[in-house]
Amino acid sequence: MERIWVLTKSLFFAIKKGMSKLRCLIASLVLVLALSPVTSLEAAAPPPSDFVPGRLVVKVKGAEGNHLQAETLWARYDLTPLRRLSLTGASLVSVPLGQELEILAHLRQDTSVEYAEPDYHIYGPANTQRYTPLPLEANLQEPVQPVEPNDYFYFLQWAPLKIGAQQVWPYTTGGQDIVVAILSTGILPLHNEFRNRIVPGWDFVNNDDNPVEEGIRYPGTFQAGLALARGNNLDGIAGVSWNSGIMPVRILDENGEGSYSTLVEGLYYAAVNGAHVILVSAAGYHESQDLDVAIARVRARTDAVIIAPVGDCGRGPSPDYPACPPDNAPAYPAANQNVIGVSATGVDDRWQDISGSGHQVKISAPGGANIVSTWGNERPYYGYYLWPTSSTFNAAAHMAGVVSLIYAVGGKPWYAGCNCLPTLSPLDIEGILRRSSTDLGEPGWDPHYGWGRIDALKAIMQTPHRLSFAEKDLAFTADFPSSDEKICRLLHNPYTSASTWGIQSDPTAKWLSVEQPDNAPPSPSPSWSRVCVSPKFVKAPGAYTATLVATNLMPLRDERQTEVHIPVKFVAITRRASLYLPWIGK
C-alpha cells in the first residue's frame, strides 16, 4: 500500500512576562505515516521474528530448584541454561538457532516439563526518532509569566486539564515515599524534572545497576515525565504526581525492543524493591504462562498496582511499528486480569483508533496526539518534546501518575514484611477507578473505553483520605529560667495539603502554641504546622507533656485516621552555675 498521508504541522506558541510584549518561538513538526501490505501470521506458532532467536523459557515440574531433573532435561534436548527467572522459577535456556520451534514441540510433550514457550519479543512505542524536540527553556531570554502551575510548557499540556489534575493538586501532589517503577528503556536520571527523586533501579539489557536511557529515542524519559515530572518549579512541564519516587527498570534496548524474560525479571526487581506502582511501558502480542505466573506472584506478595498500555496496534502493522499483528491481538501484560490495561483518548475524549480494544481495556486515559513531556537532545538530560501521534503508552503513564496520587492520600500499599497500617489493595484501586471514571462510548464498560476515561479529581474524592505525619512525637528542651524567645518545630504531613487537615493545641498547656497547617512553596504538598513552646510560661524546671490533635477534614476519610494524637514533651532544665577559685600559694 502506498503512503496515504503526510501531516506537517507547525506549532506556534507565545510566552510573556508581566506586561511585556509576546515573544514567539516556533517548533516545527513533520509526521510521515506510511502503511505497507502485511502478510498473515501463522496461527499454529509464532513467526521466528517475534521471539528471541536461540532462546526458550522452560519450567520444570516439581519443586523449584529440582536441579537433577533439570540437568537431565537440558542434556536430553541439547539445551544450555542461561539464567533462572527469580519470580517464576522458570529457566531461560539457549537452543540451536533454527531449531527453536522443533525443540519447543518436544518439550511441550515431555512429562517433566510444566510449560515451555518462546522468549517472545516485547516492544515500546513506535519509532519517533525523526521528530523534532521542543526548544529548551534555557533558550528563552527572560522568565515567563507564571501560570498554575508555573512550568514553561504547561500551556501545551492538555492532558492534565482533561483529567482534572489541576483541581487535584490543591489536595495532593504525591507522597514522598510512594515509589513508581518505570519498566521501559531506562530514563535520563539527571533531567531537572527528576532531581533528588530517583531510587535505585536496574538495567536488564546490560545487566548492571545503571539504567540510563541510551540512543536518540527517549520513550522511558518521556513517559516518566508524564507521570512524575516535578511541577510548579519554573521548569518545562508538570507531571501528574510531583513528589513520588522514580525507580527506573530498563527492560527494552535503545530500539525499544526486549523480551518476556526481561519483563519478568523487571517485575521481580520492582516488586521486591518496594515499588508501589509498576508501569510496564511495553507490549507483547503473545500469551505467556510464565508471564501470568509472574504477575500472579507479584499480586500475592505485594499490593503494587501494575499498569500497562493495551498497545498501539489498532490499525495493524505499519512501517513505524511492524511488530503489530494484523488481527488486533491482545497486548500483554495489559490483557492479564491482574493488570490495569489502558487505552488512549484524544483531546476531544474520542477513542484513538491506534489503541487496542477488547477485554484487555479496563480504563482509558489521555494519549492523543501532541502531548509534551521530558526528553533528551544535544544537551543531554535537559529537554522537552511534543509527541505527534496517539499512543496508549502515554495514556498508561498518565494512569500511573493518578494511581500514585491515590496512594498518596489513601496510604502506602502493603508488601511482604511491611510493618504498616493495612490500606488500599489493587482491587480497591480498581474500584475507585471504576466508580470515578467518566463514562464514554456505550453505557458501562465497553471494549474501547473500558470503564471510561480517568478523572483524577473524582478518583481522589473517592479515596478515603488518611493523615500520616513524618514526626510521631515532638520533643523540646530549654534552659530555665530563660528568655522570652519561642522554640519551634515543624510537624510535617508529607502526603496532602493544608486544606485537608486541621490541628488543635492542648488548652491546658499554656506553654504550647500551634499554627494551623500551611504549605511549603512551591508545592501544595507536603504541608506542615508550626508547633512552638514558650519557656516563660512554666514556673519551675521539669518535664511537661501535652497532646496535639490533628483532624482529617476531608468528607471521605479513613476512619482510623479521623483524629491523630501527637504527643509533645517539653523539658525545662536548670543550668547550675559553677564557681572558679584560683589556687592561692603553692
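Above this text is the structure in question.
Predicted, not measured: the structure shown is a model, and the values here were computed from it. (Residues numbered from 1 in each chain as written. Predicted model: local features only at pLDDT ≥ 70, side-chain atom pairs only at ≥ 80, totals over all residues. Heavy atoms only, no water.)

Engineer: Outline the sheet that holds strand β18 (residues 474–480), supporting the account with residue identities and numerical values.
Structural biologist: Sheet architecture is open: four strands sit in the order β18-β25-β24-β20, paired in mixed fashion. Since the sheet does not close on itself, it has two edges, and those belong to β18 and β20 (501–504), each with one partner. Averaged over all adjacent pairs, the angle separating strand axes in this sheet is 25°, with direction ignored. (Pairing = 2+ DSSP bridges. Helix = DSSP H or I, 4+ residues; strand = E, 2+ residues; numbered from the N terminus. Axes fitted to C-alpha atoms, helices over the stretch in contact; angles between N-to-C directions.)

Engineer: Quick rundown of the packing of aromatic side chains? Include the residues and the values.
Structural biologist: Under the defined criterion, the tally for this structure stands at 16 aromatic pairs. Their ring planes at 80° and their centres at 5.4 Å tell us that Tyr218 and Trp375 sit as a pair that is edge-to-face. Linking Tyr218 in the loop between β9 (202–203) and α5 (219–228) with Trp375 in strand β16 (residues 371–375), this pair joins segments that are 157 residues apart in sequence. With a centroid separation of 6.0 Å and 75° between ring planes, the pair formed by Tyr385 and Trp387 is classed as edge-to-face. Across this residue pair, the class does not change: Tyr385 and Trp387 are buried. Here the aromatic cluster, defined as three or more aromatic residues joined through ring pairs, consists of Tyr218, Phe222, Trp375, Tyr385 and Trp387. (Phe/Tyr/Trp six-rings, centres within 6.5 Å; stacked < 30°, edge-to-face > 60°. Buried < 20%, exposed > 50% of the residue type's maximum accessible area, 1.4 Å probe, protein only.)

Engineer: I'd like a rundown of unusual backbone geometry, residues and numbers included.
Structural biologist: Negative phi is the rule for most residues except glycine; trans is the rule for most peptide bonds. Following Tyr332, the chain continues into Pro333 via a peptide bond in cis, with omega recorded as 15°. Topologically, Pro333 is positioned in the loop between β13 (305–309) and β14 (339–345). Residues other than glycine seldom take positive phi values, yet Leu234 does so here, at roughly 55°. With respect to the helices, strands and loops of the structure, Leu234 is situated in the loop between α5 and β10 (245–250). A positive phi angle, near 65°, is found at Asn370, a position not held by glycine. Checked against the element boundaries, Asn370 lands in the loop between β15 (363–366) and β16. According to the relative accessible area criterion, Asn370 is buried, its value standing at 19%.

Engineer: How would you summarise helix α6 (residues 260–272) if you had to cite specific residues and measurements?
Structural biologist: Taking 1.5 Å per residue, 13 residues should reach 18 Å; α6 reaches 18 Å between its end C-alpha atoms and fits that length. The buried fraction of α6 is high, at eleven of 13 residues. Those residues of α6 not exposed but buried are Tyr260, Ser261, Thr262, Leu263, Val264, Glu265, Gly266, Leu267, Tyr269, Ala270 and Ala271. Once α6 finishes, Gly274 follows within two positions and takes phi at roughly 90°, a positive value. (Expected span 1.5 Å × (residues − 1).)

Engineer: Residue-level account of the sheet that holds strand β5 (residues 91–94), with values.
Structural biologist: Neighbouring strands of a sheet are bound in pairs by backbone hydrogen bonds; such pairs are parallel or else antiparallel. The strand order across the open sheet formed by five strands is β4-β5-β3-β6-β11, and the pairing between neighbours is antiparallel. Strand pairing shows two members of the sheet lacking a second neighbour, β4 (80–84) and β11 (257–259), which therefore form its edges. The average angle at which neighbouring strand axes cross in this sheet is 30°, direction not considered. Across four bridges, the pairing between β4 and β5 is antiparallel. Bridge pairing in β5 links Arg84 to Ser91.

Engineer: Tell me about the nonpolar core, residues and numbers included.
Structural biologist: In this structure, Ile307 and Leu433 are the most contacted members of the largest nonpolar core, which totals 59 residues. Looking at this core, the element that brings in the most residues is helix α8 (residues 392–410), giving twelve residues. Apart from the residues within four sequence positions on either side, Leu433 is in contact with Ile340, Ile363, Met399, Val403, Ile406, Trp451 and Ile454. Leu85, Leu263, Leu291 and Ile306 belong to the second-largest nonpolar core, a separate cluster that totals 41 residues. (Core = buried A, V, L, I, M, F, W, Y, C linked by side-chain atoms within 4.5 Å. Contact = heavy atoms within 4.5 Å.)

Engineer: Before we move on, can you summarise the side chain of Arg217 with the specific residues and values?
Structural biologist: When you line up the elements, Arg217 lands in the loop between β9 and α5. Buried charge without a salt bridge: Arg217, with Asp253 as the nearest opposite-charge side chain at an N-O distance of 6.7 Å. Reaching out from Arg217, the side chain makes a polar contact with the backbone oxygen of Pro125 at a distance of 3.2 Å. Reaching out from Arg217, the side chain makes a polar contact with the backbone oxygen of Asn255 at a distance of 3.4 Å. (Lys, Arg positive; Asp, Glu negative; His and termini not counted. Salt bridge = Lys/Arg side-chain N within 4 Å of Asp/Glu carboxyl O. Polar contact = N/O pair within 3.5 Å; in protein donor to acceptor, adjacent residues only side chain to side chain.)

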